[in-house]
Amino acid sequence: MGTLFRLDSSIRIEGSVTRAVADTLQVAVVEEIPAVEVVRRDIGTAPIAASHWGAAAYAGGTVEDERTTAQSEALAVAAELADELVAADVLIFAVPMYNFGVSQHFKTWFDLVSTDPRFAPGAGTLEQRPAFLVTARGGGYGPGTPRAGWDHATDWMRRMLEDLWGLDLDVIETELTLAEVTPAMAELRELAQHQLAESHEAARRGARSVTLHLRGSSEPYGQGSLAS
Ligand SMILES: Cc1cc2nc3c(=O)[nH]c(=O)nc-3n(C[C@H](O)[C@H](O)[C@H](O)COP(=O)(O)O)c2cc1C
């Protein structure tokens, strides 16, 4: 009964907040709908080759029998990644912030998918498909904090997934994930724990919406489970 696609991109397994929150969401959906098919791709542990994008970007305008092997291979990988998205009823993207920006693995994946004609601007292939962006940041970026304005990841991902691809996107954000291991952030630990608990709760709420959606309920999808 339906397909859930999940993309992970954290470069760590142990202690990963994005993986843990995405787990909560996935497990809750599977508990409710055991027959749901879960398709996973992990670009954190098995990144997409960055060279594919350059090859695929120009391959589209090259006649098929004049394409290089690299171009044909890149287009095939792009199509495989795009197939995974198109086949999904619900999508989860678990993507951390790195170096104040978007994960390079996610950007590489996104760029390659975008070379597939089904993901050209305006194609609308995933229009209104329910999706979750589960993101985490080590620091805090709220208004008035020293790093306010330094989060160059979340807005970009939101623009791409929500505005460009047209997904019905719910964003679950967790900040201060480094507080637990950073002595200078010790006084923020309680706040960090609270935020993390809220994100897991938002994931559980999201799972309930997903369940309704997969069961074909006419109830509106997503009730704004933004955790921060
Ligand atoms: C190489 C690297 C760079 C990072 N850069 C930033 C950063 O610029 N700002 C920030 O707030 N956190 C940064 N972090 C912290 C991560 O965003 C944070 O640990 C997050 O929880 C990672 O996601 P994960 O828990 O799913 O692995 C960085 C972590 C790593 C490993």
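Residues numbered from 1 in each chain as written. Predicted model: local features only at pLDDT ≥ 70, side-chain atom pairs only at ≥ 80, totals over all residues. Heavy atoms only, no water.

Novice: What is the right way to look at the pairing of strand β2 (residues 37-42) in this model?
Specialist: Of the pairings in the sheet, the one linking strand β1 (residues 3-8) to β2 comprises six bridges and is parallel in character. Each bridged residue has a counterpart across the sheet, and for R6 the counterpart in β2 is R40. (Pairing = 2+ DSSP bridges. Helix = DSSP H or I, 4+ residues; strand = E, 2+ residues; numbered from the N terminus.)

Novice: Sorry if this is basic, but what is going on with empty space enclosed by the protein here?
Specialist: Using the criterion set out here, one finds one cavity of 30 Å³ or more in the structure. Lining the largest cavity are R118, F119, A120, G122, A123, G124, T125, L126, L164 and W165. Residues of the lining of the largest cavity, tallied by class, amount to six nonpolar, three polar and one charged. (1 Å grid on protein atoms, 1.4 Å probe; cavity = no way out; pocket = protein on both sides within 12 Å on 5 of 7 lines; lining within 4 Å. Points joined across faces, edges and corners; volume = space filled by probe spheres on them. Nonpolar A, V, L, I, M, F, W, Y, C, P; charged D, E, K, R; others polar.)

Novice: Just to check I follow, could you spell out the layout of surface pockets for this structure?
Specialist: Remark: the empty space left among the atoms is shown by a probe the size of a water molecule rolled over them. Approximately 390 Å³ is the volume found for the largest pocket. Forming the walls of the largest pocket are 23 residues, and the residues nearest its centre are M97, R137, G138, T177 and L178. Of all elements in the fold, only α1 (17-32) and β3 (90-98) reach the threshold of two or more residues within the lining of the largest pocket. Top contributing element to the lining of the largest pocket by residue count: β3, with three residues. Taken together, the residues that form the lining of the largest pocket break down as twelve nonpolar, eight polar and three charged.

Novice: How do you make sense of the packing of aromatic side chains when you look at a structure like this?
Specialist: In this description, a pair of aromatic rings is defined by centroid distance and the angle of the planes. Scanning all chains against the criterion turns up eleven aromatic pairs. Geometrically, the ring pair formed by F110 and W165 is stacked, given 4.7 Å between the ring centres and 20 degrees between the ring planes. Residue F110 is located in helix α4 (residues 104-113), and its partner W165 is located in the loop between α5 (154-164) and β6 (168-174); the two are separated by 55 residues in the primary sequence. You'll find F110 and W165 in the same group, each marked buried. Cluster of aromatic residues (ring-pair linked, three or more members): F93, F106, W109, F110, F119, W156 and W165. (Phe/Tyr/Trp six-rings, centres within 6.5 Å; stacked < 30°, edge-to-face > 60°. Buried < 20%, exposed > 50% of the residue type's maximum accessible area, 1.4 Å probe, protein only.)

Novice: How do you make sense of unusual backbone geometry when you look at a structure like this?
Specialist: Most peptide bonds are trans, and most residues other than glycine sit at a negative phi. Its identity as a non-glycine residue notwithstanding, N99 has a phi of 45 degrees, on the positive side. With respect to the element layout, N99 can be found in the loop between β3 and β4 (101-102). Of note, the phi angle at F100 is positive, near 60 degrees, even though the residue is not glycine. We classify F100 as partly exposed; its relative accessible area is 29%.

Novice: What's the story with the nonpolar core in this structure? I'm lost.
Specialist: One recurring pattern in soluble globular proteins: nonpolar side chains tend to sit buried together. Among the nonpolar cores identified, the biggest contains 34 residues, and L85, F93, F106, W109 and W165 are the most heavily contacted of them. Broken down by secondary-structure element, the contributors of at least two residues to this core are β1, α2 (51-59), α3 (69-86), β3, α4, β5 (130-136), α5 and β6. For W165, the contacting residues outside a window of four places in its chain are L85, W109, F110, V113, S114, F119, L126, E127 and M160. Ranked by size, the runner-up nonpolar core spans 21 residues in total, among them L4, L25, I33 and V134. (Core = buried A, V, L, I, M, F, W, Y, C linked by side-chain atoms within 4.5 Å. Contact = heavy atoms within 4.5 Å.)

Novice: What is the right way to look at the packing of α3 against α4 in this model?
Specialist: When two helices pack together, their arrangement is given by the angle between the helix axes and by the axis-to-axis distance. Put simply, α3 and α4 touch, their axes get as near as 8 Å, and they point 95 degrees apart. By the angle between their directions, the pair α3 and α4 is classed as roughly perpendicular. Contacts between α3 and α4 involve A74, V77, A78, L81 and L85 from the former and W109, L112 and V113 from the latter. Of the residues belonging to the contact of α3 with α4, the class tally is eight nonpolar, no polar and no charged. (Axes fitted to C-alpha atoms, helices over the stretch in contact; angles between N-to-C directions. Parallel < 35°, antiparallel > 145°, perpendicular 65-115°, else oblique.)

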